[in-house]
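# Structural overview
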Amino acid sequence: MRNWPLFELSITTPHLTLRVPSLEDLDELGDRAAEGVHDEGQMPFLFPWTEGEPAERARRTIQFHFGTWSRFSENDWAIEFVVVREGQVIGTQGVMASDFPVLGEVKTGSWLGRRFQGQGVGTEMRKAVLHFAFAGLGARSAVTEAFEDNPSSLAVTRKLGYWEDGTTLHNRKGEPVVTRRFRMDREEWREEPGFELHDLEACLPLFGLKSR
């Protein structure tokens, strides 16, 4: 799309493709949400969007992505890539920032369909958006956080070399819960082979960055 080049943006890794979703991709991602994202009784998200009937979860997922498209600006943006493995959409990996041209800091968040978890995918898709942030956008730092009762997310973060940056107390469904914050500065990031960015150049002005 000439006037919105983000739809051509993608990242490839040794086993995955992360891309800005088409409508067909969103339909399939909605199916993953409908199938389930976590075990019953758990809640890894501050907003409990995974509750409700399967069809409702699918609609919420698609509407959320529509919202990120409509609100995108160079000073407040979010890209929610769909994660594709062997031709199948299996989850989503987000990267977002506020005042990026000044601060150079991104945040990340993600989820995978329940049946695709525990297979090393979470680590590889996080590496992909770190490559996008540091190698593609020239970010200064990347931050993330997860609830203390979400050990899988915490394990991915620690494995990648983030350092702990404090805690935050939240109200989750009427109960106080703690998230742990983590940070990685550019100097601590290590580029790995097999991670490639595609069609980023035309998108840079949308992030308030100069084309190279």
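Everything that follows concerns the structure shown earlier in this document.
Residues numbered from 1 in each chain as written. Predicted model: local features only at pLDDT ≥ 70, side-chain atom pairs only at ≥ 80, totals over all residues. Heavy atoms only, no water.

## Side note on the packing of aromatic side chains
This model, assessed by the stated rule, comprises ten aromatic pairs. Residues Trp-77 and Phe-100 carry aromatic rings whose centres are separated by 5.9 Å and whose planes lie at 65° to one another, so their mutual orientation is edge-to-face. Of this pair, Trp-77 sits in strand β3 (residues 76-85) while Phe-100 sits in helix α3 (residues 100-103), placing them 23 residues apart in sequence. Summarising the aromatic geometry, the rings of Trp-77 and Phe-207 are spaced 4.8 Å apart at their centres and angled 80° between planes, so their arrangement reads as edge-to-face. You can see Trp-77 sitting in strand β3 and its partner Phe-207 sitting in the segment after β9 (196-198), a full 130 residues away along the chain. Each member of the pair, Trp-77 as well as Phe-207, is classed as buried. An aromatic cluster is built from Trp-4, Phe-72, Trp-77, Phe-81, Phe-100, Phe-132 and Phe-207, whose rings are joined through pairwise contacts. (Phe/Tyr/Trp six-rings, centres within 6.5 Å; stacked < 30°, edge-to-face > 60°. Helix = DSSP H or I, 4+ residues; strand = E, 2+ residues; numbered from the N terminus. Buried < 20%, exposed > 50% of the residue type's maximum accessible area, 1.4 Å probe, protein only.)

## Digging into the pairing of strand β5 (residues 105-112)
The side chains of a regular strand alternate, residue by residue, between the two faces of the sheet. Summarising the sheet, strand β4 (residues 88-98) and β5 pair through six bridges and their orientation is antiparallel. Each residue of the ladder has a partner; that of Gly-91, found in β5, is Leu-112. The pairing of β5 with strand β6 (residues 141-147) spans three bridges and is parallel. Within β6, the position partnered with Val-106 by the bridge is Ala-142. In the classification by handedness, the crossover that spans β5, the intervening helix α4 (residues 121-136) and the parallel β6 is right-handed. (Pairing = 2+ DSSP bridges. Right-handed = clockwise from strand over helix to strand, strands pointing away.)

## Some points on the pattern of salt bridges
Scanning the model with the defined rule gives ten salt bridges in all. For Arg-32, the salt bridge is made with Glu-35, and the minimal N-O distance between the two is 2.9 Å. Of this pair, Arg-32 and Glu-35 are both found in helix α1 (residues 23-35), three residues apart, which corresponds to roughly one turn of the helix. Salt bridges sharing common partners tie together Glu-28, Arg-32, Glu-35 and Arg-115. (Salt bridge = Lys/Arg side-chain N within 4 Å of Asp/Glu carboxyl O.)

## Re the side chain of Arg-126
Along the chain, Arg-126 turns up in helix α4. In contact with Arg-126, not counting residues within four places along its chain, are Gln-93, Thr-108, Thr-144, Ser-153, Val-156, Thr-157, Leu-160 and Tyr-162. (Contact = heavy atoms within 4.5 Å.)

## A few points about empty space enclosed by the protein
Per the stated rule, a full pass over the model turns up one cavity of 30 Å³ or more. Considered as a void within the structure, the largest cavity measures approximately 90 Å³ in volume. Contributing to the lining of the largest cavity are Trp-4, Leu-6, Val-20, Pro-21, Thr-68, Trp-69, Phe-72, Ala-78, Ile-79 and Glu-80. Secondary-structure elements contributing two or more residues to the lining of the largest cavity are α2 (54-71) and β3. In terms of residue count, the dominant contributor to the lining of the largest cavity is β3 (three residues). Considered class by class, the residues forming the lining of the largest cavity number eight nonpolar, one polar and one charged. (1 Å grid on protein atoms, 1.4 Å probe; cavity = no way out; pocket = protein on both sides within 12 Å on 5 of 7 lines; lining within 4 Å. Points joined across faces, edges and corners; volume = space filled by probe spheres on them. Nonpolar A, V, L, I, M, F, W, Y, C, P; charged D, E, K, R; others polar.)

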